[in-house]
Amino acid sequence: QGGGARYPYPKHVWSPAGGWWTRPSNWASNTAITMAGILAIAYGVWNVSAERETRYVLPDRPIPSMMWAKQFREQSAKKE
């Protein structure tokens, strides 16, 4: 179950993924940093999307995006 022994490979080949049998010692911190970056970008996209969302036909029942869309937050503030 392991596919056999490791075979000789060319040392001059470069791979963006790290090459053959890579196992960086700091894989956990690399993963944490990457996930933090992905979450920061997703948060920014979420906020821009919520600010720009406009529904021209209003929903006939409550939908989840009504909690964060600027259009509905402003309407609920006017009612109060």
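Look above for the structure.
Here's the deal with the overall build of the protein chain
Alright, step 1. What the protein chain contains, in helices and strands, is 2 helices and 0 strands.
Alright, step 2. Whereas a compact globule of 80 residues would reach a radius of gyration of roughly 12 Å, the protein chain reaches 24 Å, over 25% beyond that.
Alright, step 3. Counting only C-alpha atoms and orienting by the principal axes, one finds that the protein chain spans roughly 70 × 25 × 20 Å.
Alright, step 4. Relative to its 80 residues, the protein chain shows a buried fraction of 9%.
Alright, step 5. Counting every atom, the protein chain has about 7,400 Å² of accessible surface; 61% of that belongs to carbon and sulfur.
Alright, step 6. Here the protein chain holds 10 positive side-chain charges and 5 negative ones, and the gap between their average locations is 16 Å.

Observations concerning the pattern of salt bridges
Alright, step 1. One pass over the full model with this rule turns up 2 salt bridges.
Alright, step 2. The closest approach of N and O atoms between K70 and E51, which form a salt bridge, is 3.8 Å. Of the two residues, K70 sits in helix α2 (residues 70–79) while E51 sits in helix α1 (residues 27–52), which places them 19 residues apart along the sequence.
Alright, step 3. What makes K70 partly exposed here is its relative accessible area of 33%.
Alright, step 4. R55 is the partner of E53 in a salt bridge, and the nearest nitrogen-oxygen pair spans 3.2 Å.
Alright, step 5. Overall, E53 belongs to the buried group, its relative accessible area being 18%.

Digging into the side chain of S65
Alright, step 1. Locating S65 in the fold gives a position in the loop between α1 and α2.
Alright, step 2. The buried category is assigned to S65, whose relative accessible area is 10%.
Alright, step 3. Within the structure, S65 has its side chain in polar contact with the side chain of R55 (distance 3.3 Å).
Alright, step 4. If near-sequence neighbours (up to four positions away) are discounted, S65 is found in contact with E53 and R55.

Procedures and definitions
Starting from 1, residues in each chain are numbered consecutively following that chain's sequence as written. Residues qualify for local features only when their pLDDT is at least 70, as the model is predicted, and side-chain atom pairs are given and counted only at 80 or more; totals for whole chains, interfaces and linings, by contrast, use all residues. Processing note: side-chain calculations cover all non-hydrogen atoms of the structure and skip hydrogens and water entirely. Helical segments are the DSSP runs of H or I of at least four residues, strand segments are the runs of E of at least two, and each set is numbered from the N terminus. Only C-alpha atoms enter the radius of gyration; for comparison, a globular chain is expected to reach 2.2 Å times N to the power 0.38, where N is the number of residues. Relative accessibility under 20% of the residue-type maximum defines a buried residue, over 50% an exposed one, and the middle range a partly exposed one, all with a 1.4 Å probe and only protein chains included. In this description, accessible areas are obtained by the Shrake-Rupley approach with a 1.4 Å probe, and a residue is regarded as covered only by the protein chains that are shown. Under the counting rule used here, the positive set is Lys and Arg, the negative set is Asp and Glu, and His together with the chain ends is not counted. By convention, charge coordinates are those of NZ in Lys, CZ in Arg, CG in Asp, or CD in Glu. Think of a salt bridge as a Lys or Arg side-chain nitrogen and an Asp or Glu carboxyl oxygen that are within 4 Å of each other. Think of a polar contact as two N or O atoms within 3.5 Å of one another; within protein, one of them needs to be a possible hydrogen donor and the other a possible acceptor, and neighboring residues in sequence only count if both atoms come from side chains. Contacts: residue pairs with any heavy atoms within 4.5 Å of one another.

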